[in-house]
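Each chain, written out:
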Number of protein chains: 2
Amino acid sequence: MTAKIDDGAPSAFRRPTINDVAALSGVSKSTVSNVMRGTGSVSAATRERVLEAIAALGYRPNATARNLVLRRTNLIGVVVGDLANAFDAELVKRIEQCASAHEYTTLVCNTGGHADLEASRIEALLEHRVDGIALLDFSGDRAVISKLLGERVPVVMVSCWSDYADCVAVDDMVGIELAVRHLVELGHERIAHVVDPLMEAGTRRARVAAFERALLRSGIAPRSEWTLVYDANETGGGSDLLALVARDDHPTAIVAANDYTAIRLIALLERNAIAVPRDISLVGFDGIDVSALSRIGLTTVAQPRDDLARTAVDLLRARIESGYDAPPAQHRLKPRLVVRGSTGPPR
Amino acid sequence: MTAKIDDGAPSAFRRPTINDVAALSGVSKSTVSNVMRGTGSVSAATRERVLEAIAALGYRPNATARNLVLRRTNLIGVVVGDLANAFDAELVKRIEQCASAHEYTTLVCNTGGHADLEASRIEALLEHRVDGIALLDFSGDRAVISKLLGERVPVVMVSCWSDYADCVAVDDMVGIELAVRHLVELGHERIAHVVDPLMEAGTRRARVAAFERALLRSGIAPRSEWTLVYDANETGGGSDLLALVARDDHPTAIVAANDYTAIRLIALLERNAIAVPRDISLVGFDGIDVSALSRIGLTTVAQPRDDLARTAVDLLRARIESGYDAPPAQHRLKPRLVVRGSTGPPR
DNA sequence: TTGAAAGCGCTAACAC
DNA sequence: GTGTTAGCGCTTTCAA
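Just so it is clear, the model here is predicted, and its values are computed rather than measured.

**Describing the protein's contact with DNA strand D**
In the vicinity of DNA strand D, 27 residues are found, and the nearest of them are Ser 30 of chain A together with Ile 18, Lys 29, Arg 37 and Tyr 59 of chain B. Sugar and phosphate atoms form 70% of the subset of DNA strand D atoms that lie within 4 Å of the protein. At 2.6 Å from a phosphate oxygen of DNA strand D is found a side-chain nitrogen or oxygen belonging to Tyr 59 of chain B. Backbone polar atom of Asn 62 of chain B to a phosphate oxygen of DNA strand D: 2.9 Å apart, as the coordinates give it. Counting residues per element, the ones that place at least two in the surface near DNA strand D are helix H2 (29–37) and helix H4 (63–70) of chain A together with helix H2 (29–37) and helix H4 (63–70) of chain B. When the residues that make up the surface near DNA strand D are grouped by side-chain class, the tally is 10 nonpolar, 12 polar and five charged.

Spelled out as structure tokens, the structure:
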């Protein structure tokens with residue numbers, strides 16, 4: 001047994017440990033541990049001495065060591081597609097808020113929709129033994145998800161969906177229906193749908209399906225060539241959309257799959273001398289802050305972001321704190337239509 | 001010594017450990033460790049067996065345990081004021097990208113400018129033994145920072161400044177000078193400055209000082225009452241600004257301390273029938289993505305966000321990987337003016 | 001080329 | 001009330 005002697009080397013800086021505190025206050029480490037955590041029973045006098053030693057040394061417990069024995073890290077991973085998309089960023093902000101209110105610290109991974117990055121970032125989260133993972137607006141392929149579910153680590157999908165995991169998302173059917181009905185009520189009959197390639201595939205499919213169903217319910221025949229992809233980050237993109245809009249029987253309104261796309265779509269259209277809403281009406285989806293700016297004035301289907309975040313954290317906490325084996329909890333939240341200046345009657 | 005016997009309880013799920021791998025492949029844990037890390041020398045045959053066991057068990061090394069012995073977590077903390085501010089979000093995104101390219105995982109804390117939250121979040125980061133901390137656009141008081149510097153944990157200040165820590169920020173003097181000169185060249189003489197209360201105090205002071213100096217260099221006498229605070233998140237704020245603008249000798253141009261404020265300022269002004277740039281010209285600071293949207297068209301002083309993020313991560317890595325004791329490295333980056341539609345000659 | 005053993009800093013029975 | 005002890009899962013000498 002080697003005695004722990006401070007060799008005095010000034011270069012080898014060592015943070016004080018629970019042993020140092022114990023030594024300085026002349027008690028055992030269990031006692032220190034007890035005063036730190038407020039467990040067990042320690043006399044007022046010893047507690048006082050220990051507290052002094054802690055202050056004197058500037059002791060801070062090592063979460064790494066604690067986590068190792070507790071098999072619990074109080075870390076949650078948040079995997080997000082693109083923090084430059086305000087919807088994602090605003091959601092991450094809220095999730096971090098809820099999580100830290102419950103003593104969790106948040107590991108954030110921005111995947112940019114790259115499947116390989118996604119896999120390796122999640123792998124890192126798993127090695128760090130996060131207590132749970134939130135997949136936001138998840139654009140990855142299902143293989144990643146099903147692998148994750150096999151790991152027995154609590155997972156919640158936020159603003160996206162899987163039948164086999166806890167989920168919380170807005171009701172796409174209702175949301176898209178709201179958008180379409182609003183346009184139809186304004187008199188539109190030729191309505192196109194534009195999706196974001198970075199959007200999660202399931203959500204995208206759900207919104208496309210919802211879009212077609214909503215048209216049918218309004219007595220309008222959907223045309224598949226009127227559902228297009230627009231990559232707002234690709235310079236020079238959108239040529240097929242512009243081609244569509246240049247046709248005689250062009251759409252008079254567009255439902256964009258999210259606000260990020262919708263707002264860039266306004267820019268694209270106006271750059272090509274197509275006025276919004278005079279020539280084309282535009283509805284977004286998400287309800288991000290910028291859509292409310294007077295200059296933008298985007299009519300949009302707003303998601304209840306606070307509820308989304310809070311529910312997500314609650315779901316995760318429930319799994320973490322009371323075991324895995326409940327069936328998946330699925331929450332559908334109601335979106336609401338916010339009418340602003342980007343929609344009007346067709347010319 | 002208790003033998004490790006699987007008691008077969010199905011409820012107690014245990015992830016496979018290095019011991020399980022060792023047992024299954026019939027080697028010692030040191031050997032497993034060696035093949036995992038590619039160190040030491042193991043025969044091709046044993047490596048093969050170990051690899052098979054790893055695959056069979058779905059073994060994933062426990063970073064918590066590794067970090068404990070290595071005294072290194074490969075975690076970096078990022079403390080950010082407000083992820084709803086696109087500048088912050090875009091910076092976090094880039095930092096996470098750089099960091100993960102170097103095998104670091106990012107812990108994100110959104111403080112919302114609350115000093116108490118700030119302190120407790122940083123405390124959590126420290127307990128988790130992050131290898132370094134990046135303070136973004138840091139709005140906190142200096143006490144937090146000086147405490148942090150006493151902790152001997154690598155800290156980098158991004159887009160904010162301290163004489164005693166590694167910093168990387170844009171040159172506020174130059175940036176504000178660019179903005180003011182642009183306005184003066186357009187013919188403006190009555191120029192106001194609007195700051196964001198959430199902005200880091202040092203940066204705010206620096207920009208205010210830079211603003212006054214720039215005016216003087218253009219032969220304009222600064223008036224202190226023309227530097228105001230506008231809190232874009234406070235509904236019904238900005239009354240003092242509107243009062244100022246209603247005066248006869250109102251300013252014909254405003255330099256906003258950041259884009260977030262500038263963009264909300266446009267909304268505020270236009271809500272009050274003051275057209276931008278016809279009645280008042282507006283210059284922002286940051287160069288966030290939305291400022292480039294045609295509907296917004298904000299003239300702004302753009303920060304080199306990629307450089308900011310890359311330098312920040314490099315600085316942190318240097319401290320982490322080669323010791324603490326170098327003097328603080330201070331990087332001033334050059335901003336550039338991006339002229340768009342929000343500025344024009346005075347009426 | 002491989003293994004035994006000693007920790008990393010902490011918690012949690014269980015003695016005393 | 002307080003201390004002893006045995007790990008948590010890993011890395012790292014040092015022998016064999």
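**Considerations on the sheet that holds strand E6 (residues 191–195) of chain A**
Residues and elements named next belong to chain A. Spatially, E7-E6-E8-E9-E10-E12 is the arrangement adopted by the six strands of the open sheet, whose pairing is mixed. Of all strands in the sheet, those bounded by a partner on one side alone are strand E7 (227–229) and strand E12 (336–338). Strand-to-strand twist across the sheet, computed as the mean angle between neighbouring axes with direction ignored, equals 25°. When strand E9 (residues 281–286) meets strand E10 (residues 299–302), the two strands line up parallel, connected through four bridges. Residue pairing for E10: Phe 285 is matched across the bridge by Val 301. The strands that helix H8 (residues 172–186) touches are E6, strand E8 (253–256), E9, E10 and E12; relative to E9, the one it contacts most, it runs at about 160°.

**Things to note about the interface of chain A and chain B**
Across the boundary between the two partners, chain A contributes 57 residues, which contact 57 residues of chain B. Taking both partners together, chain A and chain B bury about 5,400 Å²; carbon and sulfur atoms supply 52% of that area. When the area that chain A buries against chain B is broken down by residue, the three leading residues are Arg 60, Arg 129 and Arg 295 of chain A, summing to 17%. Across the chain A-chain B interface, the total number found is 12 salt bridges. Elements with a contribution of two residues or more to the side of chain A that touches chain B: H4, helix H5 (86–101), strand E2 (105–110), helix H6 (115–127) and helix H11 (259–271) of chain A. Looking at which element gives the most residues to the side of chain A that touches chain B, the answer is H5 of chain A, with seven residues. Its residues assigned to classes, the side of chain A that touches chain B comprises 25 nonpolar, 12 polar and 20 charged.

**As for the side chain of Arg 295 of chain A**
When you line up the elements, Arg 295 of chain A lands in the loop between E9 and E10. Within the structure, Arg 295 of chain A has its side chain in polar contact with the side chain of Glu 270 of chain B (distance 2.8 Å). Dropping the residues within four chain positions of it, Arg 295 of chain A is found in contact with Ile 266, Glu 270, Val 276, Arg 295 and Ile 296 of chain B.

**Observations regarding the sheet that holds strand E10 (residues 299–302) of chain B**
Residue and element names in this part refer to chain B. If you trace the six strands from one edge of the open sheet to the other, you get E7-E6-E8-E9-E10-E12, paired in mixed fashion. If you trace the sheet from one side to the other, it starts and ends with strand E7 (227–229) and strand E12 (336–338), each paired once. Sheet twist, expressed as the mean angle between neighbouring strand axes with direction ignored, is 25°. As paired elements, strand E8 (residues 253–256) and strand E9 (residues 281–286) share three bridges and run parallel to each other. Of the residues in E9, the one forming a bridge with Val 255 is Val 283. Relative to the sheet, helix H9 (residues 201–217) contacts strand E6 (191–195), E7, E8 and E9, its axis offset from that of E6 by approximately 175°.

**Some thoughts on the nonpolar core**
With 102 residues, the main nonpolar core has Val 158 of chain A together with Val 158 of chain B as its most contacted residues. The residues touching Val 158 of chain A, leaving out its near neighbours within four places in the chain, are Leu 91, Ile 95, Ala 134, Leu 135, Leu 136, Asp 137, Val 168, Leu 308 and Ala 312 of chain A. Within the second largest apolar cluster, 42 residues are counted, among which are Val 79, Cys 160 and Trp 161 of chain A together with Phe 138 of chain B.

**Section: the protein's contact with DNA strand C**
Contacts to DNA strand C come from 27 residues, most closely from Ile 18, Lys 29, Arg 37 and Tyr 59 of chain A together with Ser 30 of chain B. In DNA strand C, the atoms that sit within 4 Å of the protein are 72% sugar and phosphate, with bases accounting for the remainder. At a separation of 2.8 Å, a phosphate oxygen of DNA strand C approaches a polar side-chain atom of Thr 46 of chain B. Listed by contribution, the elements that provide at least two residues to the surface near DNA strand C are H2 and H4 of chain A together with H2 and H4 of chain B. The residue makeup of the surface near DNA strand C, split by class, is 10 nonpolar, 12 polar and five charged.

**Notes on the domain arrangement of chain A**
Looking at chain A, the domain boundaries give domain 1 (11–69), domain 2 (74–168 + 305–332) and domain 3 (172–303). Its C-alpha centre places domain 1 of chain A at a distance of 34 Å from the equivalent point of domain 2 of chain A.

**Some words on the environment of Thr 46 of chain B**
All names here are of chain B. For Thr 46, the location among the structural elements is in helix H3 (residues 44–57). Residue Thr 46 is classed as buried on the basis of its relative accessible area of 17%. Residues Thr 46 and Val 32 lie 14 residues apart in sequence; the distance between their C-alpha atoms is 9.2 Å. A distance of 2.5 Å separates a polar atom in the side chain of Thr 46 from a polar atom in the side chain of Ser 43.

Calculation notes
Residues numbered from 1 in each chain as written. Chains lettered and ligands numbered in written order. Predicted model: local features only at pLDDT ≥ 70, side-chain atom pairs only at ≥ 80, totals over all residues. Heavy atoms only, no water. Near = heavy atom within 4 Å. Polar contact = N/O pair within 3.5 Å; in protein donor to acceptor, adjacent residues only side chain to side chain. Helix = DSSP H or I, 4+ residues; strand = E, 2+ residues; numbered from the N terminus. Nonpolar A, V, L, I, M, F, W, Y, C, P; charged D, E, K, R; others polar. Pairing = 2+ DSSP bridges. Axes fitted to C-alpha atoms, helices over the stretch in contact; angles between N-to-C directions. Contact = heavy atoms within 4.5 Å. Buried area = accessible area lost by both parts, 1.4 Å probe. Salt bridge = Lys/Arg side-chain N within 4 Å of Asp/Glu carboxyl O. Core = buried A, V, L, I, M, F, W, Y, C linked by side-chain atoms within 4.5 Å. Buried < 20%, exposed > 50% of the residue type's maximum accessible area, 1.4 Å probe, protein only. Domains from an automatic or database assignment.

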